[in-house]
Amino acid sequence: MPTTKKTATKKSVAKKSKKSVQPIKEETPVVMNVCRSCHALPAGSVELVSLLLVLVFALSAVLVTSVYALNRQSAELAVLQAQTTVQE
């Protein structure tokens with residue numbers, strides 16, 4: 001069974017090019033006293049709030065661990081000072 005190849009004619013190529021999709025132009029909303037570049041921020045309010053929430057939890061974890069380490073170190077120093085005063 002022989003196979004035939006279809007060749008593109010000038011008319012079929014012209015028909016396909018006429019049906020090309022035009023890009024949709026999106027206009028930014030006009031807000032008084034706000035510049036247009038402010039609407040082009042890469043992150044929305046939900047992303048910013050979630051980022052700030054993660055940052056707060058990370059910083060609070062660092063604060064808690066540092067306070068714990070300082071308290072433990074001061075307790076060890078108190079024990080060592082008590083041992084040195086007893087020996088004298």
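Scroll up to find the structure this text is about.
What you see as residue numbers is a count from 1 along each chain, following the sequence as written. Residue-level local features of this predicted model are given only where pLDDT is at least 70; pairs of side-chain atoms are given and counted only at 80 or more, and the full residue set underlies all totals for whole chains, interfaces and linings. Side-chain metrics rest on all non-hydrogen atoms present in the structure, leaving aside hydrogens and water.

Peer 1: For this particular structure, what's the right way to read the overall build of the protein?
Peer 2: Think of it this way: any DSSP run of H or I at least four residues long counts as a helix, any run of E at least two long counts as a strand, and we number them from the N terminus. Along its length, the protein carries two helices and zero strands. With 88 residues in all, the protein has 0% of them scored as buried. Accessible surface, the protein: about 9,300 Å² in total, of which carbon and sulfur atoms supply 66%. The buried label applies to any residue whose accessible area, calculated with a 1.4 Å probe on protein chains only, is under 20% of its type's maximum; exposed applies above 50%, and partly exposed to all values in between. Every accessible area reported is derived by Shrake-Rupley at a probe size of 1.4 Å, with residue values counting cover from the shown protein chains alone.

Peer 1: Explanation requested: a nonpolar patch on the surface in the structure shown.
Peer 2: Patch membership needs two things, relative accessible area over 30% and no salt bridge, and members are linked within 9 Å if like-charged or within 5 Å if nonpolar (Val, Leu, Ile, Met, Phe, Trp, Tyr). Just to be clear on terms, a salt bridge is a Lys or Arg side-chain nitrogen sitting within 4 Å of an Asp or Glu carboxyl oxygen. A grouping of Leu52, Leu55 and Leu59 is seen on the molecular surface, where their side chains present a nonpolar patch of about 310 Å² in accessible area. Relative to the helices and strands, Leu55 resides in helix H2 (residues 45–87).

Peer 1: Please clarify how the pattern of salt bridges should be interpreted in this entry.
Peer 2: For side chains of opposite charge, pairing can occur when their charged atoms come near one another. A full pass over the atoms with the stated rule returns one salt bridge. In this structure, Arg72 and Glu76 form a salt bridge, with 3.8 Å as the shortest nitrogen-oxygen distance. Placement of both Arg72 and Glu76 in helix H2 is noted, with a separation of four residues, approximately one turn of the helix. Take Glu76: its relative accessible area is 45%, and that puts it in the partly exposed class.

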